[in-house]
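# A structural walkthrough
Chain by chain, the residues:
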Amino acid sequence: MRILLTEDDPALADLLLRACRQEGYSVDWVSDGVAADLALSSETYDALVLDLGLPRMDGLDVLKRLRKRGSHLPVMILTAREAIADRVAGLDGGADDYLSKPFALAELQARLRALVRRHHGGAASASLELGRLRYDTVSRQVFLDDTEIELSSREREVLSGLLHKAGKVISKQALTSAISSWDATVGSNAIEVYIHRLRKKLEPAGITIRTVRGLGYLIESSDGSPD
């Protein structure tokens, strides 16, 4: 999952970055509204954590511009504004959740998990399955039958990208983008390393990751079924 974090307080942003990355998310951070608007119009994200009190462009304006472009990106507002009118304005403007400062990082993490889960269809879509393989998108655990497979954070992110396109080809560029953030770019050669590691762990159970020359990668089960 790739998240855009907007927060103009560097100390708080650092805490939020670490909290999100502990959850296994890839996170980009911007500190003003104009930069947030630019990122949202040019990059692909799975969720937005939005501070309202941003310099250069207010968070509510960022949100309005996002929704005007027709985006259904799930948005969580973080703000020190406690007035009911501000909450109503944020929710009416298209936010999906609202968390007032100060807040517990554990609550932020739980709300983010719930936000992404709801966006992907609730409990019915809380896991990605392929043959004997199951990836729990909430706990980020990977199972073959009932046995958990130990994967690194990057391996899980690559596997998630592959499973979301199970039965279809996903490009190396798309996988690279999915696990990269602006301050931690992942090279295309690293993708090959993660693919190699996943193959060693999954192929004995009948899960194959094929290289489609010039196009990318395709994951499938031994019976050829995409799900």
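It should be noted that the structure appears before, not after, this text.
Keep in mind it's a predicted model, so treat the numbers as computed, not measured. (Residues numbered from 1 in each chain as written. Predicted model: local features only at pLDDT ≥ 70, side-chain atom pairs only at ≥ 80, totals over all residues. Heavy atoms only, no water.)

Here we take up the pairing of strand E5 (residues 97-100). Residues of E5 alternate between two faces, with Asp97 and Leu99 on one and Tyr98 and Ser100 on the opposite face, all of them buried. In terms of strand pairing, strand E4 (residues 75-79) meets E5 through four bridges, oriented parallel. Bridging from a neighbouring strand, Ile77 pairs with Tyr98 of E5. (Buried < 20%, exposed > 50% of the residue type's maximum accessible area, 1.4 Å probe, protein only. Helix = DSSP H or I, 4+ residues; strand = E, 2+ residues; numbered from the N terminus. Pairing = 2+ DSSP bridges.)

In this section: the sheet that holds strand E3 (residues 47-51). Read from one edge to the other, the open sheet built from five strands follows the order E2-E1-E3-E4-E5, with strand pairing classed as parallel. Both outer strands of the open sheet, strand E2 (26-30) and E5, are each paired with one neighbouring strand and no more. The sheet shows a mean angle of 20° between the axes of neighbouring strands, taken without regard to direction. In this structure, E3 lies alongside E4, joined through four bridges in parallel fashion. Looking across to E4, one finds that Val49 is bridged to Met76. Against the sheet, helix H3 (residues 59-68) makes contact with E3 and E4, and its axis sits at roughly 150° relative to E3, the strand it touches most. (Axes fitted to C-alpha atoms, helices over the stretch in contact; angles between N-to-C directions. Contact = heavy atoms within 4.5 Å.)

Turning next to the pattern of salt bridges. Throughout the structure, instances matching the rule amount to 17 salt bridges. Among the salt bridges present, the one from Arg2 reaches Glu43, with a minimum N-O distance of 3.2 Å. Remark: Glu43 occurs in the loop between helix H2 (33-42) and E3 and Arg2 occurs in strand E1 (residues 2-6); sequence separation between them is 41 residues. Residue Arg111 pairs with Asp97 through a salt bridge whose shortest N-O separation is 2.7 Å. On the criterion of sequence distance, the pair formed by Arg111 in helix H5 (residues 105-119) and Asp97 in strand E5 is long-range, its members being 14 residues apart. The partly exposed category is assigned to Arg111, whose relative accessible area is 25%. Residue class for Asp97 comes out buried when judged on its relative accessible area of 13%. (Salt bridge = Lys/Arg side-chain N within 4 Å of Asp/Glu carboxyl O.)

Attention shifts here to the nonpolar core. Grouped together as the largest cluster of nonpolar side chains are 25 residues, with contacts concentrated most on Leu133, Leu159, Leu162 and Ile219. Mapped onto this core, the elements with two or more residues apiece are strand E6 (127-130), strand E7 (133-136), strand E8 (142-144), helix H6 (153-164), helix H8 (188-202), strand E10 (207-212) and strand E11 (216-221). Top contributing element to this core by residue count: H8, with five residues. Setting aside anything within four residues of it in sequence, one finds Ile219 in contact with Leu130, Leu159, Leu162, Leu163, Ala166, Gly167, Ile207, Thr208 and Ile209. If you look at the next biggest cluster of nonpolar residues, it comprises 20 residues, including Leu4, Ala39, Tyr45 and Leu66. (Core = buried A, V, L, I, M, F, W, Y, C linked by side-chain atoms within 4.5 Å.)

Before going further, it helps to examine the pairing of E11. Counted residue by residue, E11 has five buried out of six residues, so it is predominantly covered. Relative to E11, E10 runs antiparallel, the two sharing six bridges. If you follow Val212 over to E11, its bridge partner there is Gly216. Linking E10 to E11, which pair antiparallel, is a turn of three residues; within it Gly214 sits at a positive phi near 80°.

Shape descriptors only; they carry no functional weight alone.
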